[in-house]
Amino acid sequence: MKILYVEDNQVNVSLVRRVARMGGHEVINYIDGEDALRNFERDQPDVVLMDIQLAGALSGLEVVKKLREQGHKMPMVALTAYAMLGDRERCLEAGCDDYLAKPVAIHELVELFKRYAAQEPPAVIREGKADEAASTAEPAPLDTDATKPEINAAAVSEVEMPTEDREKTN
Ligand code: MN
């Protein structure tokens, strides 16, 4: 599936890209909400992952609200560094289906992608192209037992930044 990830911290983007690639998913990234809105009709993502504090004038929640107002119905998941009570409610109010607290754990992303990929209609229904469906409908199975130790080690070294740095980049 095609994942739109609006996020201004490239450390998080590269983590999400690597986990998405394991499941055979594509990631489109913008650091700025305006860019995401401008290109949304062309990008046609299956799922939206949305950071809250973005590079531009709009917050992630404002972007989600606008997309919902435009009638877009795909799953949208907020990713936020605020570990505050009430954050989940704010995200859901804005139109998000789900919420992940940063730093995001690999297994949470794997589960999230699996869940939404399973909800996605098969390519044969979406595109009306049987040939394409044969090659794209079944994502490569995730061999989590085999890949977990290596991926976790890499992810920990990448996402564990000093708190001060992490706050600056979020
Ligand atoms: Mn951010």
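Everything below is about the structure shown above.
Everything numeric in this text was worked out from a predicted model, so none of it was measured.

Engineer: Help me out: how do you make sense of the side chain of T80 in this one?
Structural biologist: With respect to the element layout, T80 can be found in strand β4 (residues 76-80). The residues contacting T80, other than those within four sequence positions of it, are I52, D87, Y99, L100, A101 and K102.

Engineer: In this structure, what is going on with the packing of helix α4 (residues 60-69) against helix α5 (residues 87-94)? I would like to understand it.
Structural biologist: In a pair of packed helices, the angle between the axes and the distance between the axes together describe the arrangement. At a closest axis distance of 8 Å, the pairing of α4 and α5 adopts a crossing angle of 30°. By the criterion of interaxial angle, the relationship of α4 to α5 is roughly parallel. Touching L61, V64, K65 and R68 of α4 are R90, C91 and A94, all from α5.

Engineer: What is the right way to look at the sheet that holds β4 in this model?
Structural biologist: Think of a sheet as strands paired side by side through backbone hydrogen bonds, with each pair either parallel or antiparallel. The strand order across the open sheet formed by five strands is β2-β1-β3-β4-β5, and the pairing between neighbours is parallel. Across the chains shown, the open sheet's two edge strands, defined by having one partner strand only, are β2 (26-30) and β5 (98-101). Strand-to-strand, the axes of this sheet are offset by a mean angle of 20°, without reference to chain direction. Two strands pair when backbone bridges link them, and strand β1 (residues 2-6) and strand β3 (residues 47-51) are joined in this way by four bridges, in the parallel orientation. Along β3, the bridge assignment pairs V6 with M50. Lying on the sheet, α4 is in contact with β3 and β4; it crosses β3 at an angle near 150°. Here helix α6 (residues 106-119) sits on the sheet and contacts β1, β3, β4 and β5; the angle it forms with β5, its principal contact strand, is near 165°.

Rules used throughout
Residues numbered from 1 in each chain as written. Predicted model: local features only at pLDDT ≥ 70, side-chain atom pairs only at ≥ 80, totals over all residues. Heavy atoms only, no water. Helix = DSSP H or I, 4+ residues; strand = E, 2+ residues; numbered from the N terminus. Contact = heavy atoms within 4.5 Å. Axes fitted to C-alpha atoms, helices over the stretch in contact; angles between N-to-C directions. Parallel < 35°, antiparallel > 145°, perpendicular 65-115°, else oblique. Pairing = 2+ DSSP bridges.

Keep in mind these values describe shape, not function.
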